[in-house]
Amino acid sequence: MRQPLSRELSNLLERGRDRQLRLAVTGLSQAGKTAFLTSLVNQLRHAGVEARLDLLPAAREGRLLGAQRLNQPDLGVPRFPYDPGMAALRDTPPRWPEPTRGISELRLQLRYRPARSGWLTPEIAHLTLDLFDYPGEWLLDLPLLQHDFYSWSKAQAMYAGEQRRGLFSEWLAAVEQLDPASEADEAQLATLAEEYAQGLRRAKQAGFSDLQPGRFLLPGELEGAPVLQFFPLPQLNGSQHDTSREALEALPANSLYATLAARFRYYQQQVVKPFYRDHFRRFDRQIVLVDVLGALNAGPERFEDLSRALRQLMHSFDYGKRSLLTRLFAPKIDRLAIAATKADHVTPDQHGHVVQLLEALLAEPLKDLRFANVPVKALSLASIRATEAREVAHEGKRSPALRGTTLEGEEVLVYPGDVPPRLPTADFWQQQGFDFPGFRPMQTTSEALDHIRMDAAIDWLIGDKLT
């Protein structure tokens, strides 16, 4: 929806003065984006009162006065559901906020006292912070822009491990018998596309991350439309048919291959590109949330699947330094945080290993970012604490443990295991003793949510604007 001219001019002036910041909270499904945003808003709103933000200098020094929600600039986008999220956390028993099912945003105005005084420096300054949230499933579509239908089909078949193939067994049995040169059957395409979508849903439930196309998982207004009735052809990696690119691209327009390729191109042009153009190219800063512990918990195939999905995703964003002109007319992400979530699911002695493992998981993208001189920071955090660290007596020694309440309501005292500080080897997976349950959020009477290192994340993302 087009903004009124006065609002556009106001935003332009604020960006020119560098008093407006657009922060994208991104990450794959189940990485904790909704919890992170809920906690972020909560911490900033209570920064001058109850929030524990010692690692944020503006808060530690008493200069950050708090934040208020403002009317968002784009009235056609739903507001991020902060109040329902807080209501879920305050419930008895407390519940996690509902995950994102569509685009949402929220605008905050932060008020603070500048660290330096002078005749040109106001006594009270403000920063407008626009927060953006997107379903993790939709993010997985961005790497599709690097493919055509032929290369995408081959890539999907190449990365299908034994466990993943088992989740698509019915669909594979049907689609592998298809002749790409045969005439397309609309009813058959719709049936096979739905079976493929069911396989994606099973894979998501089983903990896999690299699931494309993402709109098959959360179709929204596209549900039932022909644009979502396509699927890869695994037989392009070898079959009794001629599957060379030249032979396939010479097939008539009504062939199975040409029909699927046309729908894939339409999906790229009409679904993925507008999403990227209208939203992701507008960001100034970004935090990428990663459930590295969940993947470690799920086993080697899912861990490799997460690694591949993240590598593809990181190449889809536009990183670079901001000048005045780029800030006004072509924003680029000029500061990035990569955070391993659910740090409270392991004992504090393992937090350093979590960060090392995250950096190893994203080693190549991080090298590219640092080569481009883009400031990037890796950290581990818990947006909303679900456990308390404890020590227990074991064989005459004091050992670390976690105390929490499982999603089923059982109070437990556990030691989830050791996190490897580098990418797991075959020996780790064979002897793996790492296991943690899902926890409920902790019940609290404080207005500010308890967390682990949210203040470090906030400082990295916006702290330089609060000086």
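The structure contained in this document is the topic of the report that follows. These numbers were taken from a predicted model, which means no experiment stands behind them.

1. Some words on the sheet that holds strand β6 (residues 335–340)
Taken together, the seven strands give an open sheet; going across it, the order is β2-β3-β4-β1-β5-β6-β7, and neighbouring strands pair in mixed fashion. Either end of the sheet is taken by a strand with one partner, and the two such strands are β2 (64–70) and β7 (376–380). The mean angle between the axes of side-by-side strands here comes to 20°, regardless of whether they run parallel or antiparallel. Direction of pairing for strand β5 (residues 285–290) relative to β6: parallel, over a ladder of six bridges.

2. Topic: the pattern of salt bridges
Following the criterion strictly, the structure yields 22 salt bridges and no others. In this structure, E221 engages R215 in a salt bridge whose closest nitrogen and oxygen atoms are separated by 3.9 Å. Put simply, R164, D210, D305 and R308 are held in one network by salt bridges that share partners.

3. Looking at the packing of helix α6 (residues 149–158) against helix α11 (residues 256–278)
Their axes nearest at 9 Å, the elements α6 and α11 cross at an angle of 95°. As judged from the angle between their axes, α6 and α11 are roughly perpendicular. Contact residues: F149, Y150 and W152 in α6; Y257, L260, A261 and F264 in α11. Classifying every residue of the contact of α6 with α11 by side-chain character gives seven nonpolar, no polar and no charged.

4. Overview of the environment of K154
Inspection of the secondary structure assignment puts K154 in helix α6. Distance from K154 to P234, taken between C-alpha atoms, is 6.5 Å for residues 80 residues apart in sequence. Those residues in contact with K154 that lie beyond four places of it in its chain are L236 and N237.

5. Focus on the side chain of K33
Mapped onto the fold, K33 is located in helix α2 (residues 33–45). Although buried, K33 forms no salt bridge, and the nearest oppositely charged side chain, D133, lies 5.2 Å from it. There is a polar contact of 3.4 Å between the side chain of K33 and the backbone oxygen of G27. Non-local contacts of K33, meaning those with residues more than four positions away in its chain, are made with V25, T26, G27, L28, D133, Y134, P135, G136 and L289.

What counts as what
All residue numbers here refer to positions counted from 1 along the written sequence of the relevant chain. Predicted model: local features are reported for residues with pLDDT of at least 70 only, side-chain atom pairs are reported and counted for 80 or more only, and whole-chain, interface and lining totals are derived from all residues. Hydrogens are left out, water is left out, and the side-chain values use all remaining heavy atoms of the structure. Note: two strands are recorded as paired if DSSP finds a minimum of 2 bridges between them. A run of H or I in DSSP counts as a helix once it spans at least four residues, and a run of E counts as a strand once it spans at least two, with each numbered from the N terminus. Here, axes are lines fitted to C-alpha atoms. For helices the fit covers the stretch in contact, and angles between N-to-C directions go from 0 to 180 degrees. In the sections that follow, a salt bridge refers to a side-chain nitrogen of Lys or Arg positioned within 4 Å of a carboxyl oxygen of Asp or Glu. Our angle categories are set so that under 35 degrees counts as roughly parallel, over 145 as roughly antiparallel, 65 to 115 as roughly perpendicular, and the remainder as oblique. It only takes one pair of heavy atoms within 4.5 Å for two residues to be counted as in contact. Only Asp, Glu, Lys and Arg are considered charged in this grouping, and only Ala, Val, Leu, Ile, Met, Phe, Trp, Tyr, Cys and Pro are considered nonpolar; every other residue, Gly among them, is considered polar. Exposure classes here rest on a 1.4 Å probe applied to the protein chains alone. A residue is buried below 20% of its type maximum, exposed above 50%, and partly exposed in between. Two residue types count as positive, namely Lys and Arg, and two as negative, namely Asp and Glu; His and chain ends fall outside the count. Distance and chemistry together define a polar contact, namely a pair of N or O atoms within 3.5 Å, with one atom able to donate a hydrogen and the other to accept it when in protein, and with adjacent residues in sequence counting only for side-chain atoms on both sides.

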